[in-house]
Amino acid sequence: MGKRKVGALEKVDADLTSLQNKIKRDPLSYKDEFQSQHNQYIAIYDLFMQAPGNPSDHDSIISLRDLIEFIAHVSDCYPDLTAQFPHQLMGLLGNHHEVLEPELREKIVGSLVLLRNKDVIDSPTLINTLFPLLVSTPSKSLRALLFSKILSDLRSSNAKTTNHRLNRTMQDVLYNLVTSDRTSSKGLWAIKLTRELWRRQIWTDAKAVEIMKEASLAENEKVIIGGVRFFLGGDKEREEAAEEDSDEDDGPDINKLRHQVGINKKSKKKDKMLKQAAATMKKKERKKGAPHPLNFSALHLLHDPQGFAENLFSRHLQAAKSRLNLEQKLTVLQLVSRLVGLHQLTIISLYSYFLKYLTPRQPSVTSFLASLAQSTHSYVPPDALTPLLLKISNEFISEASSTSVATAGLNAVREICARQPLAMTEELLQDLVMYRKSKDKGVMMAAKGLMALYREKAPEMLKRADRGREAAFQMRQGEIKLGRFGHTETAGGIEGIELLEAWKEEQRKLRREEKGLATDDEDEDEEAEEDDAGWKNWDAEEDDSDDSDGWINVESDGDEIDISDDEDEKPPVKKLKLDTAEANKENTEAPVEATAAEVKEVLEEEKRVSKLATTRILTPADLVKLQELRQQASISALVNRKSKKASAAASADNNRHADDPLTVAEIEGLAKLYEKKTREEKIAMAKGDRDEKHVSTTAKRKEKKRAEGKSTTNKEKARQKNFLMTLGKAKRKGRRSMVDIQKGLRGHIDRKKRGGKRGNKGN
Amino acid sequence: MGSSAKKKKEKKKDFQKPKLKVGKTKPKAENFTSTSFQAKSIVLKQQSLAVTAPSTSSQFLHHLSLLTSKSDTQRRDSLAYLTSTIAATPPGTPLPQPAPTIISIVEPMLTHPSNGVRQQALKLLISLPHTDIKSHVERLVLRTQAGMTNLSNDIRSFALDVLEWLLETAGDEVVCSPGGWAKTLDCFIGLLGLKKDAKASWTSTRTISSSGGGEKLYAKQLQTLALFVRVGLADRRDASAKGAAREDAWFPLRNTEQHMLPKVSNPYGYLNLFGIPRNDKTAMSEDVDDRRRIFVSTSQPTIMAAIYQAKGEGGEVGRAAAQLKKAVAGVMKGFDDI
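Residues numbered from 1 in each chain as written. Chains lettered and ligands numbered in written order. Predicted model: local features only at pLDDT ≥ 70, side-chain atom pairs only at ≥ 80, totals over all residues. Heavy atoms only, no water.

Labelled according to an unreviewed UniProt entry, chain B appears under the name Pre-rRNA-processing protein, originating from Aulographum hederae CBS 113979. UniProt's Subcellular location (unreviewed entry) comment on chain B is quoted here verbatim: "Nucleus". In its Subunit (unreviewed entry) section, UniProt records this for chain B: "Component of the RIX1 complex." (UniProt positions renumbered as here; feature names shortened; annotations may be inferred.)

Under the annotation held in an unreviewed UniProt entry, chain A carries the name Protein SDA1 and is attributed to Aulographum hederae CBS 113979. Listed in UniProt under the heading Function (unreviewed entry), the comment for chain A reads: "Required for 60S pre-ribosomal subunits export to the cytoplasm."

(A) Representation of the overall build of chain B. In terms of regular secondary structure, chain B is built from 15 helices and zero strands. The contacts of chain B with a sequence gap of at least 6 include a subset with a gap of at least 24, amounting to 70%. (Helix = DSSP H or I, 4+ residues; strand = E, 2+ residues; numbered from the N terminus. Contact = heavy atoms within 4.5 Å.)

(B) Geometry of the overall build of chain A. If you tally the helices and strands in chain A, you get 38 helices and zero strands. Looking at the 763 residues of chain A, the share that counts as buried comes to 33%. The long-range share in chain A, meaning contacts at least 24 apart out of those at least 6 apart in sequence, stands at 70%. Carbon and sulfur atoms provide 51% of the accessible area of chain A, an area that totals close to 49,000 Å². (Buried < 20%, exposed > 50% of the residue type's maximum accessible area, 1.4 Å probe, protein only. Areas by Shrake-Rupley, 256 points an atom, 1.4 Å probe, with all protein chains shown as cover.)

(C) A look at the environment of Arg419(A). Residues and elements named next belong to chain A. Along the chain, Arg-419 falls in helix α21 (residues 403-419). Relative accessible area serves as the criterion here: at 22%, Arg-419 is assigned to the partly exposed category. Through-space distance from the C-alpha of Arg-419 to that of Thr-376 is 6.0 Å; in sequence the pair is 43 residues apart. At 2.9 Å, the side chain of Arg-419 and the side chain of Glu-415 are in polar contact. (Polar contact = N/O pair within 3.5 Å; in protein donor to acceptor, adjacent residues only side chain to side chain.)

(D) Spatial organisation of the pattern of salt bridges. Evaluated as defined, the whole model comprises 26 salt bridges over all chains. Here Asp46(A) ties to Lys183(B) by a salt bridge, and the two come within 2.5 Å at their closest N and O atoms. Within this pair, whereas Asp46(A) is found in helix α3 (residues 31-50), its partner Lys183(B) is found in helix α9 (residues 182-191), the two belonging to separate chains. Assessed through its relative accessible area of 8%, Lys183(B) is described here as buried. Between Arg182(A) and Glu214(A) there is a salt bridge; the shortest N-O distance is 2.6 Å. Here Arg182(A), found in the loop between α9 (164-180) and α10 (187-199), pairs with Glu214(A), found in helix α11 (residues 206-216); they are 32 residues apart in sequence, far enough to count as distant. In the salt-bridge network here, residues are joined through shared partners; they are Arg65(A), Glu101(A) and Glu103(A). (Salt bridge = Lys/Arg side-chain N within 4 Å of Asp/Glu carboxyl O.)

(E) Summary view of a positive patch on the surface. The grouping of Lys265(A), Lys268(A), Lys269(A), Lys270(A) and Lys272(A) at the surface amounts to a positive patch. Examined against the element boundaries, Lys265(A) turns out to sit in the loop between α13 (254-263) and α14 (268-289). (Patch = residues over 30% accessible without salt bridge, like charges linked within 9 Å, V, L, I, M, F, W, Y side chains within 5 Å. Lys, Arg positive; Asp, Glu negative; His and termini not counted. Charge placed at Lys NZ, Arg CZ, Asp CG, Glu CD.)

(F) Highlighting the packing of aromatic side chains. Within the structure shown, the criterion is met by 15 aromatic pairs over all chains. Plain terms: the ring middles of Phe231(A) and Phe308(A) are 5.5 Å apart, the flat faces sit at 50° to each other, and that makes the pair tilted. A residue pair is termed long-range when its members are at least 10 positions apart, and Phe231(A) in helix α12 (residues 221-246) and Phe308(A) in helix α16 (residues 305-318) qualify at 77 residues. The exposure classification of Phe231(A) matches that of Phe308(A), with both residues buried. For the ring pair Trp181(B) and Phe228(B), a centre distance of 4.9 Å and an interplane angle of 25° mean the geometry is stacked. Taken together, the residues span a long stretch of sequence, with Trp181(B) in the loop between α8 (153-176) and α9 and Phe228(B) in helix α11 (residues 214-233) at a distance of 47 residues. Given a relative accessible area of 0%, Phe228(B) falls into the buried group. Aromatic rings pair up to connect Phe313(A), Tyr353(A), Phe354(A), Tyr357(A) and Phe368(A) into one cluster. Sitting over the ring of Phe147(A), Lys192(A) keeps its end group 5.0 Å from the ring centre. Stacked on the ring of Phe158(B), the Lys or Arg Arg118(B) has its end atom at 5.4 Å from the ring centre. (Phe/Tyr/Trp six-rings, centres within 6.5 Å; stacked < 30°, edge-to-face > 60°. Lys NZ or Arg CZ within 6 Å of the ring centre and 35° of its normal.)

(G) Inspection of the packing of helix α6 (residues 102-117) of chain A against helix α8 (residues 140-157) of chain A at higher detail. Residues and elements named next belong to chain A. Taken N-terminus to C-terminus, the directions of α6 and α8 make an angle of 5°; their axes are 11 Å apart at the nearest point. It follows from the interaxial angle that α6 and α8 lie roughly parallel. Contacts from Arg-105, Glu-106, Val-109, Val-113 and Arg-116 in α6 reach Ser-141, Leu-142, Leu-145, Leu-146, Lys-149 and Asp-153 in α8. (Axes fitted to C-alpha atoms, helices over the stretch in contact; angles between N-to-C directions. Parallel < 35°, antiparallel > 145°, perpendicular 65-115°, else oblique.)

(H) The nonpolar core, seen in detail. If you look at the biggest cluster of nonpolar residues, it comprises 135 residues, and the most contacted ones within it are Phe131(A), Phe231(A), Met424(A) and Tyr454(A). By residue number, the principal contributor to this core is helix α4 (residues 58-74) of chain A, which donates eight residues. Composition of this core by domain shows at least three residues from each of domain 1 (8-210 + 227-246) and domain 2 (304-482 + 665-674) of chain A. When neighbours within four sequence positions are excluded, Phe131(A) is seen to be in contact with Ile150(A), Met170(A), Val173(A), Leu174(A), Leu177(A) and Leu193(A). By size, the runner-up hydrophobic cluster in this structure holds 66 residues, among which are Leu160(B), Ala170(B), Val174(B) and Ala321(B). (Core = buried A, V, L, I, M, F, W, Y, C linked by side-chain atoms within 4.5 Å. Domains from an automatic or database assignment.)

(I) Spatial organisation of unusual backbone geometry. Residue and element names in this part refer to chain A. Its identity as a non-glycine residue notwithstanding, Gln-344 has a phi of 50°, on the positive side. For Gln-344, a relative accessible area of 36% puts it in the partly exposed group. One non-glycine residue with positive phi stands out, namely Ser-364, at about 45°. For Ser-364, the location among the structural elements is in the loop between α18 (348-355) and α19 (365-374). Residue Ser-364 is classed as partly exposed on the basis of its relative accessible area of 37%.

(J) Fine view of the confidence of the model for chain B. All names here are of chain B. Put simply, chain B has an average pLDDT of 80, and 87% of its residues get 70 or more. Taking the mean pLDDT of every element in chain B, the minimum, 43, falls on helix α10 (residues 207-211) and the maximum, 92, on helix α5 (residues 115-127). Under a pLDDT of 50 for its full length, residues 198-204 has, in the predicted model, zero contacts with residues more than four places off or in other chains. For the stretch residues 207-211, pLDDT sits under 50, and the model shows eight contacts to residues farther than four places along the chain or on other chains. (pLDDT = per-residue confidence, 0-100.)

(K) Structural detail: the environment of Asp205(A). Residue and element names in this part refer to chain A. In this fold, Asp-205 is placed in the loop between α10 and α11. Here Asp-205 falls in the partly exposed class, since its relative accessible area comes to 32%. Leaving out residues up to four positions away in the same chain, Asp-205 has contacts with Gln-171, Trp-198 and Leu-301. Separated by 3.3 Å, the side chains of Asp-205 and Gln-171 make a polar contact.

(L) Just the side chain of Ser216(A), in detail. Residue and element names in this part refer to chain A. Structurally, the position occupied by Ser-216 is in helix α11. Looking at Ser-216, its side chain comes within polar contact range of the main-chain oxygen of Met-212, at 2.7 Å. Apart from residues lying up to four places away in sequence, Ser-216 is in contact with Ile-224, Gly-227, Val-228, Phe-231, Phe-308, Leu-312 and His-316.

(M) Representation of the packing of helix α4 (residues 99-106) of chain B against α5(B) within the structure. Residue and element names in this part refer to chain B. The N-to-C vectors of α4 and α5 enclose an angle of 160°; their axes lie 11 Å apart at closest approach. One finds that α4 runs roughly antiparallel with respect to α5. Where α4 crosses over α5, the handedness of that crossing is left-handed. Mapping the contact onto sequence places Ile-102, Ile-103 and Val-106 in α4 and Ala-121, Leu-124 and Leu-125 in α5. Split into classes, the residues belonging to the contact of α4 with α5 amount to six nonpolar, no polar and no charged. (Left-handed = near helix turned anticlockwise from the far one by under 90°. Nonpolar A, V, L, I, M, F, W, Y, C, P; charged D, E, K, R; others polar.)

Below, the structure written as C-alpha cells:
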C-alpha cells in the first residue's frame, strides 16, 4: 500500500503547537478538536497508569508528555473538561515520582507551575504538592528543579504585595519540618529556602528567624551549622544583594535609542521599544527615590535571645556528647558570643568555658579570643573576667613568647577591657602597659592602644607618667570617674542639645544687639515668632532638600524593639522629662534629714541636663540645626586631636557599628603583616584596590564619548570604513581627468599660500 | 586596518616551528587529538563458530528482542517470523516463550504509525491461543481505546479491526473489563463525531468522519458499534436455562455454582484491591442490566440521533445504520419491558 496523501487540515490538527495556538485564539470553535485530544490523553494516561514505572513502549511516553504540555497550555480555556487534569498530574507526580522517566517528570512539574501561573490551581496547592517531593526525592536534578520552582512561585506571589497567608503556611510547613525530626538532615531544605527568601527580602519577619532558631538547635550537624551561619552572615548577604540590585546597569541607553529612532526606519516595533525603555527608566527613577525599606537584622528579631543563647551553649558547646568538630564549635561560639554581646545577656558559665581554650597552642585561638571579647559587655561581673585576663597575660604576653602571640594577647585584653574596664587590676595593667617599649611594632601598638584606652576610662589606674597631660588634667577636674559595677549612665538627654542651646543663645544675643535691646531680657513674643518661623520654613526646606529621606510609618506591634544605631545614644526626651520630674518629686518629698550632699548632687544632675528640651518643643528646623552642630562638633573633635594616628584610630573605632562582629583580624592586629605570604597575596597587597585592568587613555576617552552618546568624528569614520568600500574611490582617483588634476593642484597652491586649510591668518 | 594585520599574524602562526628544548618532550601540536581511551574490557567481535544452527527458542527470543528495533521493516519481519513460528507449534505444546511476555511486547505495536507493523502485530495476536488473550483483555482494551482516539485516521480504523477481533474472541471479557463498556462507548461517540450536549445541535455535523475517511469508514464504524452493542447488551438469560438444568443435576444443593472455585482469571477484579481508584467511566460493569442502564443514560439518545441522520443518507452508511438500529432494538427489547 502506497503512502496515503494527508490532507492539509488533518496535518494541521496533528500539530499540537499550532492547534494550541488556534485554541488560544478561539476556544469555542476548536472545542471538538480539543475534546478528541483530551480523549486521547485519557486513553494514554490510563494505559500508562497500568505500569507507570515500566511503560511497555517509548512512544506512549513521548505522546503523553506532549499531550500533558498541550492540555496544560489550554486548560484555562476549557475548565469543565480539564477539571480532573491537575489532580491527575499531582497524583502521578506524588505517587510515582521515583520511577517516572526524568523528562516526563520534569514536564509534569513544569505543567503544574504553568497551571499555577494560569490560576487554575492556587499557590498553596502547588507548594503542598512540590514541597514534600523536594524533601523526599532521591533525584538530584528533580530537587534542583523543585527548589527553583518553589522559590520562583513564592517570589512571584509576593511580587506585588506580600502574600501573608501563603507565607504563613509555608513558614509553618518549614517550621514543622525542622522541629518534627531534629536528627534528620531534611531541615536543610527549610534552611536553604528561608535563607534565600531572607536574602531577597521576601521574608523579613520574626517567624522566619524562628525557623532558623529551631534549626540552630537541631541535632544534625549540617542543620545546626546552616542555622548558625544564617545568623552570622544572613543579614550581610541581604545587604549585599540589595546593593547589587540598586547598582545594576542602568538599563537601555535612552539617548542612543532616541537617536536611532531618528535615523532608522520607523516601525511600530521600534516605537514600542522606545516607549518600553522610557517606562523602565521612569520606574528605575521612582525606585531610586523610594524610601529605603526598614529591615531589622535577624539577631534583633529573635524572640527570647537569652534562652536561645543558653540553649546553644549548653547543647552544642558544653555538652560532652556534642558531635561538632572544632570549626563548627567555633561558629556556634561566635553566634553565642555575638548574642551575648548584642543583647547584653548573662551566661556566667560561658566565661569559664573559655578558660580551657586560652593557650597559644590551641588551634585558631585568635577566634576564641575574638569571641571572648565579643561576649564581654558592661554587665558581665568583673570577677568572671579577671581570671581570663590573668590567663591571657600569663600565657600570651611575656618576653619569651613570640611577638605575634603577644600582639594577639594584648589586643584581646584591650578589646575585653574596652567593654568592661572594671575587669582589669592595677598591677596587671601597669605591667602590660610597659610593653609599649617593645621593639616589635605590633606589640608596641597594641600596648599603646591599651594605654590609650585606660587614659580615657580610668587614668588613675595608670602610673602617673603614663597618664598624659590631658587625662591627668581631666582627672584632676573630676570629669573621668570609673563607675562601680552595674552603674549605668542613664538619662543624658538629646545628644548635642547643649550645643543647640548655646547656638540659640548666641543667635538671640546677636539679634538683640541689632535691635539695641538689653541682652538678658526675655521676650516671649519673639520666641513664639521664632518658633513659627521654624515650623513654617520647614516645608519649603524639605521640598528642596534632596538627601532627606521620606518618613516611613512603622506600626509597632506591641513589643519594643531597640533600633538604636549608636551605643551611646540617649533615650528620647519623654523619658528624660519623667526622670527629672521624678527627681524633683524626690527632691521635694525627701525627708528633712536628707543630707545636704544628696540634695546637692541631684541639683547638679539637673543642672547638667539642658532645660531646652524640657521647656520647649523642638521645631524641625531646630532638629536640622542640631544635626549640623553635632556633625561639626565631631569633626572638630577629630581635627583637634594631637596626633594623626590617634584620630585615625578613633575614627576606626567609630566606624565599627555596634552590631558588627569583632573579627579575628582585629585581634591579630599588626602581627598579620609579618606572616609569610604567598605570591598571590603579595601581588594583591601591592596592587591595593586599584583597577585590575589597564586601559589606555585613548580607549578611556573613546568610551567616555560613547557613554555620552556622542558620535565619532569624520576622520574616525573614514579610518574605520571597510577597506573594500574605499577601493572604488581610490581607483577613480587614478584616472582623474586633466581638469580635475588641475583643480586639485590649484587647490594645493592656494592652500599653500593661505597657509593650511583654514589659513593661519594670525601669523 | 586592524583585521588584515591580525590575519597576517595568524597566518604566520601556522608556519612557526615549535622550539625544541633539551630534556623536554616535544610540544604537542595545537590540533592534536588524543586517541587514547580507557576501558574495563575490550570485546572483539567475532563470527559465531558454532556448527549447529541456533535453537528455535533462542531464535524466537532474538526476534522478540528485535521488536524494539527502530526500523519498521525489521519489526514487521520479526513479527512475521514470530507469527509463523507460533502457527507452526502444534496445539498442546507450549510456546517458545510464555504468552503474557509476547502479548506485553506486541500489544504496544497495535498503535504503531506504520500500517505493516500494525497488521502483522494483529496477525500475531490472532495466532495466539484464545485463553491467553482472554486473560489479557484489559490491556488490549486500553490499547484499543488509545487507538480509537488516535489522531491518525488509519490507526483509528485499524483499532476498529482490533476491536472486532477482540469481540469475536473474548466478547464477554471485553465488555466486562474495567472501562471496557462505558469508556468504549465514549470512544465510539468521539469516533463518530457526535456531540453529547444537544445545545449546539443545530450546527452539529460529523466533523471527524467528514474530515477524512469518508463514507466507507463511517459505515464500518457503525457496523462495529452494532457488533459491540449486540455483544454487550445481549441477554444471556436463555443461557441460564442450561444452568438450571445443571442445578437439577446437583439437586439437593442449591446455587452450587456460586460456591465453587471461580474459573475465570482475576475473579475479584471488581474489588480493585491494588489498582488506582476507579471513577464511573473506568468502573467494571459485569452485569447486563448495569450495561444497559449506562447505555440508556449516557449514549443511547446520541446514537439514535446519529442513526436517524445516517439512515437518511442511504447507501452503505444507511444500510449500516439500519443494521445498528436493528441491533439496538433487538437487545433493548427485554429492557424496555422492565
